[in-house]
Amino acid sequence: MEDKNKKKGLSRRDFLKRTGTGVAGSYIILSDINEAKSTSSSEKETLKTFSSYAQNISITVNGQDYSFMVEPNTTLAELLRDELKLTGTKVVCNHGECGGCTVLMNTKAVYSCQMLAMDADGKDIITIEGLLKGEELHPLQEAFVEQDGMQCGFCTPGQIMSAYALLLNNPQPNKQEILKGMSGNICRCSAYPNIVKSVEEAARKMNK
Amino acid sequence: MKNFQYINPTSIKEASNLMISFGESALLYAGGTDALSLLKNDIYTHSKIINLKKIGGLNSITHNKTSGIRIGSLTTISEIAKDETIKSEYKILHEAANEIASPQLRNIGTLGGNLCQSPRCWYYREDFDCIRKGGGECYAYEGRNKFHCVVGGGPCYIVHPSDMAVALLALDAKVIIFSEVGERTIPINELYVLPSENSSQETILKPGEIIKEILVAPPGQNTRSSYIKFKERGAWDFASVSVGLVLEIVAAKSIIEGKAAFGGVAPRPWTDDKFNKKLSGLALNETSVSEALNSLLNDSETLSENAYKLPLVKNLTKRSILNLA
């Protein structure tokens, strides 16, 4: 194994180093975003060119109102991730099959990759970032940590948003209702038993 | 995904006129849960998308004791699944709606879109120049055809993926179609066509025609109904085979009359008239039901990988009938 890796020029140590650089890289990108935020939206838009198809939409995301020019072929997930930098919403299959991109639209769970940003015009969107109160985790987020409701964690934001929508409509679901409510979210690590436990625990906490 | 012009008509008449004036470059767009996949994969290459969701008055369910229910074509599948009257009086519709896709898709997908969705054939949805896309060959016929049709196929062997269409066909629902010359009402049975009649579209809808509402007559006092869907995954999936059943039953002993409709077996929601006739007067015991099922889909033509659908459809139908007894 070691030889193979060396041939490819990638040892475990190199991998860790690179990952480390990756983390630092992300940090720099994040500080770029913070700078970008301080630029006014009109200034930002002058930098962009739009096709004649682009239209203006108004959208509320995590309680804040925004107005955007969007190209019609932009999905809601792309708008959230690329424009608002809310990258907690994950695009995995990009075909409305896996649930990684789940957000709430007017209190209902939707696949943000499988709808156009245009269709969110005038709508109220909540993403995983919207569940935080400052640095304080939402009971659902806490429950997923405590019950180990994940392995790699990539599907977790979508799982939590589906659970959030489920508990909004049904604060005390039984196991069957949890399975049905969460059926639009795939976990490739197969952490399903602990995902169910996480939702059950969150429901208990939230109903106290 | 190529870019396109997104147009928001506010009346069904305006949408219809836009479809006529733009012709083949325009696509009707409701929830978009199916259309968006086809746009992303460049199977749909329309340059104008006519969004129907800003049209008012088409997203509600109205109940009337004498005329039955009226469901607007823009009503979401979730709304149908949670409607209490549908749940108690039209169990088949409730069960079909509940079996569609996932909560996220049911929240966005509409009834009209569900009825008009494109086939789930993997050759059609991938980069094959098949008959349905104007090419000369059905790649499923001699290719991988596990999920393709066992009856009504040729020259194209798709199955129609709609669960609502099967349920509504068993209920003898009617479809109100809007067009610039006025509205017309047809039985849902007449909405769909076989590939032998038209291999490039699944419905009779002409340019400018839009499904406006669906009507279902009130159930009789002795009506019982159900929808059973067999799928490969425990969570959401399209039907390998599904059975919608509406029976008039007296004293749990025999069927007065009944109608079965099948999904996953044909290029359109399917019924077998001979079998439906046999349901009249059928005694509700396993022997009689099994006997009646012997000739179900006798005119089938299975492909290399889908013969399993025949015993599956018979067993699901038997289970449905006996469950309702």
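The rules we used
- Residues numbered from 1 in each chain as written.
- Chains lettered and ligands numbered in written order.
- Predicted model: local features only at pLDDT ≥ 70, side-chain atom pairs only at ≥ 80, totals over all residues.
- Heavy atoms only, no water.
- Salt bridge = Lys/Arg side-chain N within 4 Å of Asp/Glu carboxyl O.
- Helix = DSSP H or I, 4+ residues; strand = E, 2+ residues; numbered from the N terminus.
- Buried < 20%, exposed > 50% of the residue type's maximum accessible area, 1.4 Å probe, protein only.
- Contact = heavy atoms within 4.5 Å.
- Buried area = accessible area lost by both parts, 1.4 Å probe.
- Polar contact = N/O pair within 3.5 Å; in protein donor to acceptor, adjacent residues only side chain to side chain.
- Nonpolar A, V, L, I, M, F, W, Y, C, P; charged D, E, K, R; others polar.
- Expected span 1.5 Å × (residues − 1).
- Domains from an automatic or database assignment.
- Pairing = 2+ DSSP bridges.
- Axes fitted to C-alpha atoms, helices over the stretch in contact; angles between N-to-C directions.

### Quick word on the pattern of salt bridges
Where charged atoms from two side chains of opposite charge approach closely, those side chains can pair.
Then comes step 1: Inspection of the entire model under this criterion finds 22 salt bridges over all chains.
Then comes step 2: The residue B:Arg184 makes a salt bridge to B:Glu209 at a minimum N-O spacing of 2.9 Å. Remark: B:Glu209 occurs in the loop between strand E7 (182–187) and strand E8 (210–216) and B:Arg184 occurs in strand E7; sequence separation between them is 25 residues.
Then comes step 3: The exposure class assigned to B:Glu209 is buried, which follows from its relative accessible area of 9%.
Then comes step 4: Among the ionic contacts, a cluster of salt bridges with common partners joins A:Glu142, A:Glu146, A:Glu201 and A:Lys205.

### Here we look at the interface of chain B and chain A
Then comes step 1: In this assembly, 28 residues from chain B lie in contact with 32 residues from chain A.
Then comes step 2: Interface area for chain B against chain A, summed over the two sides, is near 2,400 Å², with a carbon-plus-sulfur share of 52%.
Then comes step 3: Counting the surface chain B buries against chain A, the share from its top three residues, B:Asn3, B:Tyr6 and B:Gln104, is 25%.
Then comes step 4: Connecting chain B to chain A are three salt bridges.
Then comes step 5: B:Glu79 is the salt-bridge partner of A:Lys108, the closest N and O atoms lying 3.5 Å from each other.
Then comes step 6: Counting across the interface, chain B meets chain A through 21 residue pairs in polar contact (both at pLDDT 80 or more).
Then comes step 7: Looking at the side of chain B that touches chain A, the elements with two or more residues in it are strand E1 (5–7), helix H2 (35–40) and helix H6 (103–106) of chain B.
Then comes step 8: Tallying contributions element by element places H6(B) first for the side of chain B that touches chain A, with four residues.
Then comes step 9: The residue makeup of the side of chain B that touches chain A, split by class, is ten nonpolar, eleven polar and seven charged.

### Brief notes about helix H6 (residues 156–169) of chain A
Residues and elements named next belong to chain A.
Then comes step 1: In a regular helix each residue adds 1.5 Å, so 14 residues correspond to 20 Å; H6 covers 20 Å between its end C-alpha atoms and thus fits that length.
Then comes step 2: Among the 14 residues in H6, twelve count as buried, and that is most of the element.
Then comes step 3: Listed as buried for H6 are Thr156, Pro157, Gly158, Gln159, Ile160, Met161, Ser162, Ala163, Tyr164, Ala165, Leu166 and Leu167.

### Comments concerning unusual backbone geometry
Then comes step 1: Each neighbour pair has its own omega, and for B:Gly154 with B:Pro155 the value is 0°, a cis peptide bond.
Then comes step 2: If you trace the backbone, B:Pro155 turns up in the loop between helix H9 (139–142) and helix H10 (163–170).
Then comes step 3: One non-glycine residue with positive phi stands out, namely A:Lys85, at about 60°.
Then comes step 4: Relative to the helices and strands, A:Lys85 resides in the loop between helix H4 (76–83) and strand E3 (102–105).
Then comes step 5: Unlike most non-glycine residues, A:Ser190 shows phi in positive territory, near 65°.
Then comes step 6: By the secondary structure assignment, A:Ser190 is in the loop between helix H7 (175–181) and helix H8 (192–207).

### Quick word on the domain arrangement of chain A
All names here are of chain A.
Then comes step 1: For chain A, the assigned domains are domain 1 (55–130) and domain 2 (139–207).
Then comes step 2: Across the boundary between the two partners, domain 1 contributes 16 residues, which contact 14 residues of domain 2.
Then comes step 3: For the domain 1 and domain 2 pair, buried surface summed over both sides reaches about 1,200 Å², with 68% attributable to carbon and sulfur atoms.
Then comes step 4: Of all residues in domain 1, Thr102, Leu104 and Ile128 give up the largest surface area on contact with domain 2, accounting jointly for 39% of the area buried on that side.
Then comes step 5: There are zero salt bridges connecting domain 1 and domain 2.
Then comes step 6: Taken together, the connections running from domain 1 to domain 2 amount to three residue pairs in polar contact (both at pLDDT 80 or more).
Then comes step 7: Elements that contribute at least two residues to the side of domain 1 that touches domain 2 include exactly E3 and strand E4 (108–111).
Then comes step 8: Tallying contributions element by element places E3 first for the side of domain 1 that touches domain 2, with three residues.

### Here's the deal with the domain arrangement of chain B
Then comes step 1: Per the domain assignment, the segments making up chain B are domain 1 (1–55) and domain 2 (223–324).
Then comes step 2: Each of domain 1 of chain B and domain 2 of chain B has a C-alpha centre, and the two are 36 Å apart.

### Some points on helix H13 (residues 309–324) of chain B
In an α-helix, one turn spans 3.6 residues, which is why side chains three or four residues apart end up on the same side.
Residues and elements named next belong to chain B.
Then comes step 1: With 16 residues, H13 extends 22 Å from end C-alpha to end C-alpha; this agrees with the ideal 22 Å at 1.5 Å per step.
Then comes step 2: Taken together, the buried positions of H13 are Lys309, Leu310, Leu312, Val313, Leu316, Thr317, Lys318, Ser320, Ile321 and Leu324.
Then comes step 3: Looking at the packing, one finds that the buried side of H13 touches strand E9 (223–230), strand E10 (241–250), strand E11 (254–263), helix H11 (273–279) and helix H12 (286–293).

### Quick look at the sheet that holds E11(B)
Residues and elements named next belong to chain B.
Then comes step 1: In spatial order, the strands read E9-E10-E11; together these three strands make up an open sheet with antiparallel pairing. Here the strands that pair on one side only, and so sit at the sheet edges, are E9 and E11. For this sheet, the mean inter-axis angle between neighbouring strands, taken without regard to orientation, is 15°.
Then comes step 2: By the bridge criterion, eight bridges tie E9 to E10 in an arrangement that is antiparallel. Within the sheet, the bridge partner assigned to Ser226 lies in E10 and is Leu245.

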